[in-house]
Amino acid sequence: MASAKRRAAKVPGRRRPAAARSLGVVILSRNQKLHSTRRLTEAALALGHAPRVLDTLRCDMVLGRDRPRLFYRGEELEPKRIHVAVPRIGASITGYGLAVVNQLDMMGVPVLAGAIPIARSRDKLRALQLLSRFGIDIPRTAMCRYRDEVPAAVEMIGGLPCIIKLIQGTQGVGVMIAATMAEVQGLLDTLWTLGQEIILQELVAESRGKDVRALVIGDRVVAAMRRTARAGEFRSNIHRGGEATALDLPRDYAEAAVKAARVMGLEVAGVDMLEARTGPKIMEVNSSPGFEGLEQATGVDIATLYVRHALEYGHARSSGAGGGHLV
């Protein structure tokens with residue numbers, strides 16, 4: 001009998017049953033070497049849990065009358081052995097990533113960020129609509145689709161110069177500044193011809209070249225920094241060469257950041273704000289915030305706080321009614 005078992009173990013292609021493995025914390029990420037993914041993995045290990053990074057595009061979904069199933073490189077993932085899933089869905093794979101997140105949710109796996117909140121945050125206009133609806137201050141924003149309506153839209157947001165943004169954009173890509181009406185219309189004509197949807201936004205003069213990034217975990221801001229653009233650049237993103245300094249966030253800014261995350265339905269969010277004369281103006285809410293620059297600027301162990309909250313969330317979901325959401 002023992003020899004038969006040994007022979008069976010050597011059969012090519014045979015995989016260890018999913019029930020024999022405890023996945024613990026699952027991190028959905030295209031690249032386990034990315035700073036934030038690596039730090040989350042290290043934090044989970046340090047806390048005594050078994051993390052596993054799954055390439056989102058390698059997750060195969062199977063649907064039928066019985067139950068939703070998920071396979072990773074040929075191995076079926078057993079939902080009962082996943083304590084919590086942490087999506088780190090890149091903008092370039094949003095569609096497939098949302099499908100995988102939905103599949104996990106349908107399987108009853110606690111997922112730290114649901115597909116609907118992620119989708120809300122990725123659509124800049126939808127995010128701003130929701131923030132505005134709940135009384136959160138944002139830069140004045142307009143959207144139109146005909147060339148002859150552009151001048152009126154620019155006036156409605158405070159005139160020139162103004163900001164032009166792609167609805168789907170990340171890390172400062174697709175954010176432009178226009179100083180004349182000819183520049184505005186030229187940019188819009190080009191982007192519309194390429195099939196892009198855009199929004200026009202007021203330029204908050206006192207914040208030009210700088211903004212605030214606050215990281216919300218649960219119901220509080222755990223770290224914040226001010227980002228300042230390099231010379232000759234108006235975008236302050238770290239990926240665009242901006243410099244970061246730690247910031248002791250004023251109470252009204254922290255409250256605005258937490259409220260913005262709650263409106264989006266996100267447990268963890270990077271909230272970008274402008275420092276206007278009237279107080280904080282929320283620009284964007286990021287559902288998969290990178291935190292390398294924030295950890296370096298503040299010295300806060302964000303990864304551990306992130307994982308601890310994910311584990312608490314997973315425990316709370318597992319202790320509840322169970323099952324997924326009908327989304």
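Residues numbered from 1 in each chain as written. Predicted model: local features only at pLDDT ≥ 70, side-chain atom pairs only at ≥ 80, totals over all residues. Heavy atoms only, no water.

Here we look at the sheet that holds strand β6 (residues 82-87)
Strand pairing within a sheet occurs via backbone hydrogen bonds; the two strands may be parallel or antiparallel.
Here is step 1: Read across the open sheet, the three strands follow the order β2-β1-β6; overall the sheet is parallel. One side of each edge strand has no neighbouring strand; the edge strands of this open sheet are β2 (51-54) and β6. Sheet twist, expressed as the mean angle between neighbouring strand axes with direction ignored, is 20 degrees.
Here is step 2: Two elements, strand β1 (residues 24-28) and β6, share five bridges in a ladder whose sense is parallel. For G24, the partnering residue across the bridge sits in β6 and is I82.
Here is step 3: Here helix α10 (residues 302-319) sits on the sheet and contacts β1 and β6; the angle it forms with β6, its principal contact strand, is near 130 degrees. (Pairing = 2+ DSSP bridges. Helix = DSSP H or I, 4+ residues; strand = E, 2+ residues; numbered from the N terminus. Axes fitted to C-alpha atoms, helices over the stretch in contact; angles between N-to-C directions. Contact = heavy atoms within 4.5 Å.)

Focus on the pairing of strand β10 (residues 198-202)
Walk down a regular strand and you will see the side chains alternate between the two sheet faces.
Here is step 1: When you tally the buried positions in β10, you get five out of five residues, the bulk of the element.
Here is step 2: A two-sided burial pattern is seen for β10, the buried positions comprising I198, L200 and E202 on one face and I199 and Q201 on the other.
Here is step 3: With two bridges joining them, strand β7 (residues 141-142) and β10 adopt antiparallel strand pairing. Looking at the pairing, A142 lines up with L200 of β10. (Buried < 20%, exposed > 50% of the residue type's maximum accessible area, 1.4 Å probe, protein only.)

Some thoughts on the environment of L112
Here is step 1: Counting through the fold element by element, L112 comes out in the loop between α3 (94-106) and α4 (115-122).
Here is step 2: A relative accessible area of 5% means that L112 is categorised as buried.
Here is step 3: With 198 residues separating them along the chain, L112 and A310 place their C-alpha atoms 6.2 Å apart.
Here is step 4: Sequence-distant contacts of L112, that is, excluding residues within four places in its chain, are made with V84, A85, V86, P87, E267, V268, Y306, H309, A310 and Y313.

Brief notes about α3
Here is step 1: Over its 13 residues, α3 extends 18 Å from the first C-alpha to the last, a length consistent with the 18 Å expected when each residue adds 1.5 Å.
Here is step 2: Against the buried residues of α3 lie β1, β3 (59-62), β4 (69-72), β6, α4 and α10.
Here is step 3: Where α3 terminates, the next one or two residues include G108, which has phi positive at roughly 90 degrees. (Expected span 1.5 Å × (residues − 1).)

Topic: the side chain of H309
Here is step 1: Tracing the backbone through its elements, the reader meets H309 in helix α10.
Here is step 2: For H309, a relative accessible area of 16% translates into the label buried.
Here is step 3: Apart from residues lying up to four places away in sequence, H309 is in contact with L112, I217, G218, E267 and V268.

A closer look at the packing of helix α2 (residues 35-46) against α10
A packed helix pair is summarised by two numbers, namely the angle formed by the two axes and the spacing between the axes.
Here is step 1: Here α2 crosses α10 at 65 degrees, and the two axes come no closer than 8 Å. Classified by the angle their axes make, α2 and α10 are roughly perpendicular. As for how α2 packs across α10, the hand of that crossing is right-handed. Two secondary-structure elements touch here, α2 through R39, L40, A43 and A44 and α10 through A303, T304, Y306 and V307.
Here is step 2: When the residues that make up the contact of α2 with α10 are grouped by side-chain class, the tally is six nonpolar, one polar and one charged. (Parallel < 35°, antiparallel > 145°, perpendicular 65-115°, else oblique. Left-handed = near helix turned anticlockwise from the far one by under 90°. Nonpolar A, V, L, I, M, F, W, Y, C, P; charged D, E, K, R; others polar.)

Details of empty space enclosed by the protein
Here is step 1: For the structure on display, the rule yields three cavities of 30 Å³ or more.
Here is step 2: By volume, the largest cavity is sized at about 60 Å³.
Here is step 3: V25, I27, L40, A44, V84, V86, Y306, V307, A310 and L311 are the residues that line the largest cavity.
Here is step 4: At the level of elements, β1, α2, β6 and α10 are the ones that each hand at least two residues to the lining of the largest cavity.
Here is step 5: Top element by residues in the lining of the largest cavity is α10. It accounts for four residues.
Here is step 6: A breakdown of the residues in the lining of the largest cavity according to their chemical character gives ten nonpolar, no polar and no charged. (1 Å grid on protein atoms, 1.4 Å probe; cavity = no way out; pocket = protein on both sides within 12 Å on 5 of 7 lines; lining within 4 Å. Points joined across faces, edges and corners; volume = space filled by probe spheres on them.)

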